[in-house]
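Spelled out from the first residue to the last, the chains are:
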Amino acid sequence: MMTECNASAFAEEKWRPLTLAHVEYPDHDLVGLLLAWCSLAPILVIVGSLSVLVFRRELQIVTLLFGFSVSQIINQSLKKMMRQPRPCSVHDLRHQEWGMPSNHAQFIFYFSTYLVLFVLFSVSKEVLSTKAEQKRADNHIVIGLWKAICCLSLTVLAVAVSYSRIYLMYHTWLQVICGACVGTVFGVVWYAVTVRSLVPWYPKIAALPVSKFLMVRDSSSIPNVLQFEYRVAMREAQLLRNNESSKQL
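The structure displayed is predicted, hence computed values, not measured ones.

Draft legend 1. Inspection of the packing of aromatic side chains at higher detail. Inspection of every chain in the model, using the stated rule, returns ten aromatic pairs. Each ring, one from phenylalanine 66 and one from tryptophan 190, has its centre 5.8 Å from the other, and the planes form 35°; the classification is tilted. With phenylalanine 66 in helix H3 (residues 59-82) and tryptophan 190 in helix H6 (residues 173-198), the pair connects residues that are 124 residues apart, well separated along the chain. With a relative accessible area of 10%, tryptophan 190 lands in the buried category. For the ring pair tyrosine 110 and tyrosine 114, a centre distance of 6.1 Å and an interplane angle of 50° mean the geometry is tilted. Highlighted residues: tyrosine 110 and tyrosine 114, both in helix H4 (residues 103-122), separated by four residues, approximately one helical turn.

As structure tokens, this is what we get:
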């Protein structure tokens, strides 16, 4: 037999929403619906990064995820120092968490800035090269176009996620701009720290017994990971087929 819900029993308990996943939008507003999905991009980024980490075990992904954690600590520290409320809206969230700077804007601009720098400076110029006889000039054009598309897509994603927080009345323009600035600066700093201080340690970390047990790897020294893994997979597959053929004979 079902009993009636006694709301007074929970009255003294303080409940807090998980703001990263809590998104409301105006009913029958298609633009608001689209921007609400954009506002969920940080969750998709985290899930995607964790999935890549599980299946590839790359130290670069570990560094990127650790940067997410540091960025979150910085954001919460700044919010507690500035203590600026969220804009007046229909959202009950404005009474639960400070709004300066925007967590979403800082998160997505850190992610986009880091990856833009990675694409521009860490991805080999030969990453799309599949034929040894390909002309160098043509290859540079293809690589430049590929990098431009990646950088533009990341920038559009960052702007869309940040604007969604304004359109959906979760943050003010100033809060979003400050979050974007903090995220951009931290993305530049964290990329520089990674390249100059962490990447040189990757081979030693990958050589540790625990890293070998977990199959953690460092591909930073391989100029063309995509082509390298393709060739290794094709070579291994051909070897297995040859072994099967020799057994049948």
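Moving on from the model shown.
Draft legend 2. Region of the structure containing unusual backbone geometry. Residue methionine 169 is not a glycine yet carries a positive backbone phi of 65°. For methionine 215, which is not glycine, the phi dihedral falls at a positive 60°. Note on placement: methionine 215 falls in the loop between helix H8 (209-214) and helix H9 (225-248).

Draft legend 3. Seen up close, the state of the cysteines. Scanning the model with the defined rule gives zero disulfides in all. The thiol of cysteine 151 is not disulfide-bonded; the next cysteine sulfur, from cysteine 150, is found 6.7 Å away.

Draft legend 4. A look at the nonpolar core. Of all hydrophobic cores here, the largest spans 23 residues; its most connected members are Val45, Leu64, Phe68, Ile108, Tyr110, Phe111 and Tyr114. Counting only elements with at least two residues in this core, the list comes to helix H2 (41-56), H3, H4, helix H5 (136-167) and H6. The dominant element in this core, judged by the number of residues it contributes, is H4, at nine residues.

Draft legend 5. Highlighting the pattern of salt bridges. Under the criterion given, the structure shown has two salt bridges. Between arginine 56 and glutamate 58 there is a salt bridge, with its nearest N and O atoms 3.8 Å apart. In this structure glutamate 58 comes out as buried when scored by relative accessible area, which is 8%. Ionic pairing is found between arginine 217 and glutamate 58, a salt bridge with its closest N-O pair at 3.7 Å. Of this pair, arginine 217 sits in the loop between H8 and H9 while glutamate 58 sits in the loop between H2 and H3; the two residues are 159 residues apart in sequence, bridging distant segments of the chain. Among the charged side chains, a network of salt bridges with common partners joins Arg56, Glu58 and Arg217.

Analysis parameters
- Residues numbered from 1 in each chain as written.
- Predicted model: local features only at pLDDT ≥ 70, side-chain atom pairs only at ≥ 80, totals over all residues.
- Heavy atoms only, no water.
- Phe/Tyr/Trp six-rings, centres within 6.5 Å; stacked < 30°, edge-to-face > 60°.
- Helix = DSSP H or I, 4+ residues; strand = E, 2+ residues; numbered from the N terminus.
- Buried < 20%, exposed > 50% of the residue type's maximum accessible area, 1.4 Å probe, protein only.
- Disulfide = S-S within 2.5 Å.
- Core = buried A, V, L, I, M, F, W, Y, C linked by side-chain atoms within 4.5 Å.
- Salt bridge = Lys/Arg side-chain N within 4 Å of Asp/Glu carboxyl O.

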